[in-house]
Amino acid sequence: MFVDVVKIKVKAGDGGDGAVSFRREKYVAAGGPDGGDGGRGGNVVFQVDTNLSTLVDFRFKRKFAAERGENGSGGNRKGKSGQDILIKVPKGTLVKEAGTGKVMADLSGDEPVAVALGGRGGAGNARFATATRQVPRFAKPGQPGEEFELVLELKLLADVGLVGFPNVGKSTLISAVSAAKPKIANYPFTTLSPVLGVVSVEEGHSFVMADIPGLIEGASEGVGLGHDFLRHVDRCRLILHVVDVSGLEGRDPCEDFAAINRELENFSSELAQRPQIVAANKCELASDEQIARFGAFVREQGYPFYVVSAATRQGLRELVNAVSRALEELPPIVRYESDFVREEAKPLDYSQFTVRRADDAAYEVVCDWAGALLGSVNMDDYESLQYFQRVLRQSGVIDRLEEMGIQEGDTVRVGDFEFTFVY
């Protein structure tokens, strides 16, 4: 089964929490804090596997998560970093952020690419010791790892893309000039997935050709199979347009040529401007008048024209040499640059909150920063508790509670923490 577009979810590992610990050893007075930092979370890494040719494996597994970093421990021991998760994909796979469609990575090379980054580990209490705060009883929690919904889209890496109506002889042609073995039969849509073949021109000189499943009129709008596979022509440096010049299928070769070019234009104006070479196939079944008429039509539009027969191999060597010469003057295969911009971590805005009365008459403080605040304080420590109270005062939470008429002894809930209000 050929699958070239899938949607998956990835989650990098969260950072480990910092430790609250104090040095306790015999004959060591006032050992002080020695809580270590948490380890960094693992990354989600993509890498090319040349043994893969389709994304079919992702139809059965769609969620991937890297390992969380370990928590810090006493003795200033840092937690172990979480292990990266390695996701292998076929060469030519684009990784896009599903919500925006922006390219995050183009897996066309051999280098691994980290797409989702693990969270940093939290600082242990040893980092918060100062001359005036010698016994810090709090540490920082680890930061969450990045999480994305991704679209993986396979765009084959080929120098030349064969396009044309079904049954014009593209599969026969690629099998004749390369070692590719596509299914060949005398009916439309025999080829149901793209086929790659390496064409050798001379020793040490070759190029990659892709047989794209047959296009039909309306392919750019989703008609037939063409819409699914037009993306694979997108990277090709050169288009080899194969036309049945004999007209045995009851179609006019000139109209076929114009129709396919319209579909390329409708799919991508840039693709329509790609250099083309036209191969008039099945010449052994065509009359001289048919070949001359079609040749004049193609040359009028400025395209190189070659008369070939994939079945009898007539003219194939001249065609391959012409394609090779044209490729020498063209830029390399298209590579996509990442246009995804990571949002920088913004400092917590403690002024953003709302206060509401719960069903049990408690006052609930609803905010985005409750988890981060509670994770950084130790309610059993006086200094840490003072910091918590100071944040509530400076953020305006206390003022808002007083405006709502809170009384001493009333219950206040911030995130998962609940306390009794006192003046």
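Preceding block: the structure.
We now turn to the structure provided with this report. As the structure is a prediction and not an experimental result, all values here were calculated from the model. Every residue gets a number counted from 1 within its own chain, in the order that chain's sequence is written. Restriction of local features to residues with pLDDT of at least 70 applies here, the model being predicted, together with a cutoff of 80 or more for giving and counting side-chain atom pairs; totals for whole chains, interfaces and linings are based on all residues. The side-chain quantities take in all heavy atoms of the structure and omit both hydrogens and water.

**Focus on helix α3 (residues 253–267)**
Part 1: What counts as a helix is a DSSP run of H or I of at least four residues, what counts as a strand is a run of E of at least two, and both are numbered from the N terminus. In this analysis, the expected span of each helix is defined as 1.5 Å times one less than the number of residues it contains. With 15 residues, α3 extends 21 Å from end C-alpha to end C-alpha; this agrees with the ideal 21 Å at 1.5 Å per step.
Part 2: Buried within α3 we find Pro 253, Cys 254, Asp 256, Phe 257, Ala 259, Ile 260, Asn 261, Glu 263 and Leu 264.
Part 3: With a side-chain oxygen lying 2.8 Å from the backbone nitrogen of Cys 254, the N-terminal cap of α3 falls on Asp 252. Here's how the labels work: a residue is buried when its accessible area is under 20% of the maximum for its type, exposed when over 50%, partly exposed in between, all with a 1.4 Å probe on protein chains only. As used in this structure description, the phrase polar contact means that two N or O atoms lie within 3.5 Å; if the pair is within protein, one of them must be able to donate a hydrogen and the other to accept it, and residues adjacent in sequence are counted only when both atoms belong to side chains.

**Section: the packing of aromatic side chains**
Part 1: Note on aromatic contacts: the rings of Phe and Tyr and the six-membered ring of Trp form a pair at centre separations within 6.5 Å, being stacked when their planes are under 30 degrees apart, edge-to-face when over 60 apart, and tilted otherwise. According to the stated counting rule, one finds 10 aromatic pairs in the structure shown.
Part 2: Seen from their ring centres, Phe 148 and Phe 340 are 5.6 Å apart, and the 85° between their planes marks the pair as edge-to-face. Highlighted residues: Phe 148 in strand β8 (residues 147–154) and Phe 340 in the loop between α6 (316–328) and β15 (354–357), separated in sequence by 192 residues.
Part 3: Judged by its relative accessible area of 13%, Phe 148 is buried.
Part 4: Measuring from ring centre to ring centre gives 5.6 Å for Phe 388 and Phe 417, while their planes differ by 90°; the resulting arrangement is edge-to-face. In this pair, Phe 388 is assigned in helix α8 (residues 382–395) and Phe 417 in strand β18 (residues 417–420), connecting sequence segments 29 residues apart.
Part 5: Judged by relative accessible area, Phe 417 falls into the partly exposed class, the value being 23%.
Part 6: Of the aromatic side chains, those joined through ring pairs into one cluster are Phe 257, Phe 294, Phe 297, Tyr 303 and Phe 305.

**Some points on the packing of helix α1 (residues 170–177) against α6**
Helix-helix packing: each pair is described by the crossing angle between the helix axes and the interaxial distance.
Part 1: Viewed as axis vectors pointing N to C, α1 and α6 meet at an angle of 85°, and their least axial separation amounts to 11 Å. If you check the angle between α1 and α6, you find them roughly perpendicular. For the pair α1 and α6, the contacting residues are Leu 173, Ala 176 and Val 177 in the first and Leu 316, Leu 319 and Val 320 in the second.
Part 2: Basically, the charged four are Asp, Glu, Lys and Arg, the nonpolar ten are Ala, Val, Leu, Ile, Met, Phe, Trp, Tyr, Cys and Pro, and anything else, Gly included, counts as polar. Here the contact of α1 with α6 is composed, by residue class, of six nonpolar, no polar and no charged. Think of each axis as a best-fit line through the C-alpha atoms, taken over the contacting stretch in the case of a helix, with angles from 0 to 180 degrees between the N-to-C directions. Angle categories are assigned with fixed cut-offs, so that under 35 degrees is roughly parallel, over 145 is roughly antiparallel, 65 to 115 is roughly perpendicular, and the rest are oblique. When checking whether two residues touch, look at their non-hydrogen atoms; a contact exists if any pair is within 4.5 Å.

**Comments concerning the pattern of salt bridges**
Part 1: Throughout this description, the term salt bridge denotes a Lys or Arg side-chain nitrogen within 4 Å of a carboxyl oxygen of Asp or Glu. Scanning the entire structure with this criterion turns up 18 salt bridges.
Part 2: Arg 68 is the salt-bridge partner of Asp 17, the closest N and O atoms lying 3.5 Å from each other. One end of the pair, Asp 17, is in the loop between β1 (5–11) and β2 (44–48); the other, Arg 68, is in the loop between β3 (63–65) and β4 (85–89), and 51 residues separate them in sequence.
Part 3: Under the relative-accessibility criterion, Asp 17 is labelled partly exposed at 28%.
Part 4: The salt bridge partner of Asp 106 is Arg 235, with a shortest N-O separation of 2.8 Å. Placement of the pair is Asp 106 in strand β6 (residues 103–107) and Arg 235 in the loop between α2 (226–229) and β12 (238–244), with a sequence separation of 129 residues.
Part 5: On the basis of relative accessibility, which here comes to 16%, the residue Asp 106 falls in the buried class.
Part 6: Look at Arg 235 and you get buried, because its relative accessible area is 0%.
Part 7: Connected through shared salt-bridge partners, Arg 356, Asp 360, Glu 364, Arg 413 and Glu 418 make up one network.

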